[in-house]
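Letter by letter, the chains look like this.
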Amino acid sequence: MTIVLTPYWSNGVQKLKMAAGPPPKPAHGLTPPTLDEQVHAVRCMKQFHSKDKDIEKYIYLSMLKEQDPHMFYRLCLQHMSEFTPIIYTPTVGQACQEYSHNYRRPEGLFVSHKDKGKIASVLRSWPKFDEARISVVTDGSRILGLGDLGINGMPISIGKLSLYIAGAGIRPESTIPITLDFGTNTQKYLDDPLYLGLRHKRVATEEMTEVMDEFMYEMSVAFPKLLVQFEDFSTDHAFLYLERYRNQYPVFNDDIQGTGAVVLSGFINAARLSSAASGRPLNTHRILFFGAGSAGVGVAMQLMSFFTLEGMSEQEARERIWLVDSQGLVYSARGKLAEHKDYFARRDYAGPPITDLLDILEYVKPTALMGLSTMSGAFTRAAIETMAALNPLPIIFPLSNPVKLSECTFEDAVKYTNGKVLFASGSPFPEINYQGRMLYPGQGNNMYIFPGLGLGSILARCSSVSDSMVEASSLGLANSLTQEEEEAGLLYPQIERIREISAGISMQVIRAAQAANVDRHVELRSMSDPELLAFVNSKMWNP
Ligand SMILES: NC(=O)C1=CN([C@@H]2O[C@H](COP(=O)(O)OP(=O)(O)OC[C@H]3O[C@@H](n4cnc5c(N)ncnc54)[C@H](O)[C@@H]3O)[C@@H](O)[C@H]2O)C=CC1
Ligand SMILES: CC(=O)C(=O)O
Ligand SMILES: [Mg+2]
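Definitions and cut-offs
- Residues numbered from 1 in each chain as written.
- Chains lettered and ligands numbered in written order.
- Predicted model: local features only at pLDDT ≥ 70, side-chain atom pairs only at ≥ 80, totals over all residues.
- Heavy atoms only, no water.
- UniProt positions renumbered as here; feature names shortened; annotations may be inferred.
- Donors = N, O, S within 2.8 Å, 3.2 Å for Na, K, Ca; no water.
- Helix = DSSP H or I, 4+ residues; strand = E, 2+ residues; numbered from the N terminus.
- Buried < 20%, exposed > 50% of the residue type's maximum accessible area, 1.4 Å probe, protein only.
- Near = heavy atom within 4 Å.
- Polar contact = N/O pair within 3.5 Å; in protein donor to acceptor, adjacent residues only side chain to side chain.
- Areas by Shrake-Rupley, 256 points an atom, 1.4 Å probe, with all protein chains shown as cover.
- Nonpolar A, V, L, I, M, F, W, Y, C, P; charged D, E, K, R; others polar.
- Core = buried A, V, L, I, M, F, W, Y, C linked by side-chain atoms within 4.5 Å.
- Contact = heavy atoms within 4.5 Å.
- Arc of directions from axis to C-beta.

- For the chain, the name recorded in an unreviewed UniProt entry is Malic enzyme, with Mycena maculata as its organism.
- Note on the chain: under the UniProt heading Sequence similarities (unreviewed entry), the record states "Belongs to the malic enzymes family."

In structure tokens, the structure reads:
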């Protein structure tokens, strides 16, 4: 039997109320006599820095979030670039892998296939269900690039929701992290006596889909104002469930759509710089995707709008894109392909398989190389040098997470292109002083998109999330760079400005929802842009 764990604060509604307003003052005598908020923030940072290992920092911050959410989110906003690698990628990956060992208390909702027929009652266990607005739902089957982690995927849902709260001011009590347990195919976990999930292989897709149908329906009944973000489902199920539910419920897939939007945004800024250096028009870019899973194909689909916005037809846009999977270049004469790859399969090549990346680079001559393969180091020195030989300012985006799976490091990209590279990675890399010039890596991670996309969708009370809303989030991000950031050669804005960026993205998303007629908060339609922006800002929760 699956037990639904009671969230740690369920019998302490006090804590939920605290999140909605200023924290109540403890009675006299219950705190030390000179406890001062400002000084306490310094104390918390000192405790944070005293931890040697990143996983210990993660555990410390989890504890701080539980005990003093206002302080946690305040520090999060003040130290965004220092905290995100801990509460998010890469450290959250380790937190997932070690979840069953480091587990201390329930922080989310667990639903398993064994709950079939009674999912409604499981959802009713959530203590504040009239408050629920956003849920990040994972089945743990492809956590970052780390594979099938089963129920250990819970920290990814928690981490994404912490970024919603910090980055877009979603109220903490409106968030529900959910992990669906369909088993795991990872033997190591099945053999681990401490593993917290169901101890069997994953159930078949047919059974999973029956449970998913019930789950999605009961979610919409229990939480009528809820937006669902699917996270880290294996590629087959990621596409299957996005298509199955996207016209029925407000739902989006972060790995397909959020990643697509963030990479389109960085690519727009990179392509301008690259074209300025080469003199080649924007509509001649050639993009090679190394990795053709949910993320690779999701980004490829979204990048088509770069070309259609340049006035090209869908067919012409598709021809600017090449996919590579574990069997090499994806082309239709290769044989039967998975449905999600088929659309981009090349029809203009019918020779023998081309499997070596260097051969593929020579054949395609890309201006941009995107890595979404989970293949650590796949962009070798020779591959990077080839990109530099083909382009005066190549675009190289190794986007796989966490850091250890990145297709190349920022340092290698800089070194092997003599500092002439437009770079963004999925996980953060440090900046580099190259021959006296500071070079800054971009972080092409959906964390720039989902907070604003989610807030806009919630405020518009959208009935579904349209492609145009996702595209609006991307264009909103691309246009958010300050002059100073542009002059520094950044492709993405500084993460410290996430609140301001999310507000701007939210506004664009609401406008797109209105144009697509999926908004149910129709009073927002009559607002001017400055009024709408002020409305969005007024809705953000502040620690
Ligand atoms: N930067 C970001 O915001 C995001 C990054 N990602 C990352 O993207 C990666 C991939 O995610 P999914 O597409 O869901 O995974 P996936 O496992 O479905 O896809 C991986 C793809 O890489 C290909 N591949 C594997 N080995 C290869 C090899 N040796 N040569 C060429 N291709 C190879 C596979 O054939 C497959 O097409 C993960 O590391 C994930 O963390 C995912 C979402 C967002
Ligand atoms: C960032 C993210 O969503 C992933 O790597 O799966
Ligand atoms: Mg993901």
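1. What to know about the coordination of the magnesium ion (ligand 3)
For step 1, the next point in the chain: Binding of the magnesium ion (ligand 3) to the protein goes through Glu231 (OE), Asp232 (OD) and Asp255 (OD), at separations of 2.0 Å.
For step 2, the next point in the chain: Read N to C, the donor residues that coordinate the magnesium ion (ligand 3) are spaced as E-D-x22-D. Pair noted here: Asp232 is in the loop between β4 (227–231) and α12 (235–245) and Asp255 is in helix α13 (residues 254–278), with a separation of 23 residues, a long-range link.
For step 3, the next point in the chain: Judged by relative accessible area, Asp232 falls into the buried class, the value being 1%.

2. Looking at the site of ligand 1
For step 1, the next point in the chain: Around ligand 1, 25 residues are found, and the nearest of them are Arg142, Thr235, Ala292, Ser294 and Gly444.
For step 2, the next point in the chain: Here an oxygen atom of ligand 1 sits 2.4 Å away from a polar atom, N or O, in the side chain of Thr235.
For step 3, the next point in the chain: Here ligand 1, which alone exposes 870 Å², has 85% of that area covered by the protein.
For step 4, the next point in the chain: For the shell around ligand 1, the secondary structure elements donating two or more residues are α13 and α14 (294–309).
For step 5, the next point in the chain: Class assignment of the residues belonging to the shell around ligand 1 gives a composition of seven nonpolar, 15 polar and three charged.

3. Brief notes about the site of ligand 2
For step 1, the next point in the chain: In the vicinity of ligand 2, the residues found are Tyr88, Arg142, Leu144, Lys160, Glu231, Asp232, Asp254, Asp255, Asn401, Asn445 and Asn446.
For step 2, the next point in the chain: In this structure, Asp232 approaches ligand 2 through a side-chain N or O atom, which is 2.9 Å from an oxygen atom.
For step 3, the next point in the chain: Separating an oxygen atom of ligand 2 from a side-chain N or O atom of Asn401 is a distance of 2.7 Å.
For step 4, the next point in the chain: Its free accessible area being 220 Å², ligand 2 has 92% of it covered by the protein chains.
For step 5, the next point in the chain: Among the residues making up the shell around ligand 2, the classes are represented as two nonpolar, three polar and six charged.

4. Describing the nonpolar core
For step 1, the next point in the chain: Membership of the largest hydrophobic core comes to 150 residues, with the highest contact counts inside it found for Phe215, Phe230, Phe289, Met370 and Phe397.
For step 2, the next point in the chain: Not counting residues within four places of it along the chain, the set of residues in contact with Phe215 comprises Val111, Ile119, Leu123, Val137, Ile178 and Leu180.
For step 3, the next point in the chain: In terms of nonpolar packing, the next biggest core, distinct from the first, is built from 30 residues, Trp322, Val324, Leu361 and Ala378 among them.

5. Digging into the environment of Arg286
For step 1, the next point in the chain: Topologically, Arg286 is positioned in the loop between α13 and β6 (287–290).
For step 2, the next point in the chain: Using a relative accessible area of 26% as the deciding quantity, one classes Arg286 as partly exposed.
For step 3, the next point in the chain: Separated by 66 residues in the primary sequence, Arg286 and Pro352 have C-alpha atoms spaced 22 Å apart.
For step 4, the next point in the chain: What Arg286 contacts, discounting residues up to four positions off in sequence, is Arg320, Trp322, Val364, Lys365, Pro366, Thr367 and Ala368.

6. Things to note about helix α24 (residues 529–538)
For step 1, the next point in the chain: Taken together, the buried positions of α24 are Leu532, Phe535 and Val536. The buried residues of α24 all sit within an arc of 100 degrees when viewed along its axis, so they share a single face. In α24, the exposed positions angled more than 90 degrees off the buried face are occupied by Pro530 and Ser538.
For step 2, the next point in the chain: Buried residues belonging to α24 abut α20 (450–459) and α23 (498–515).

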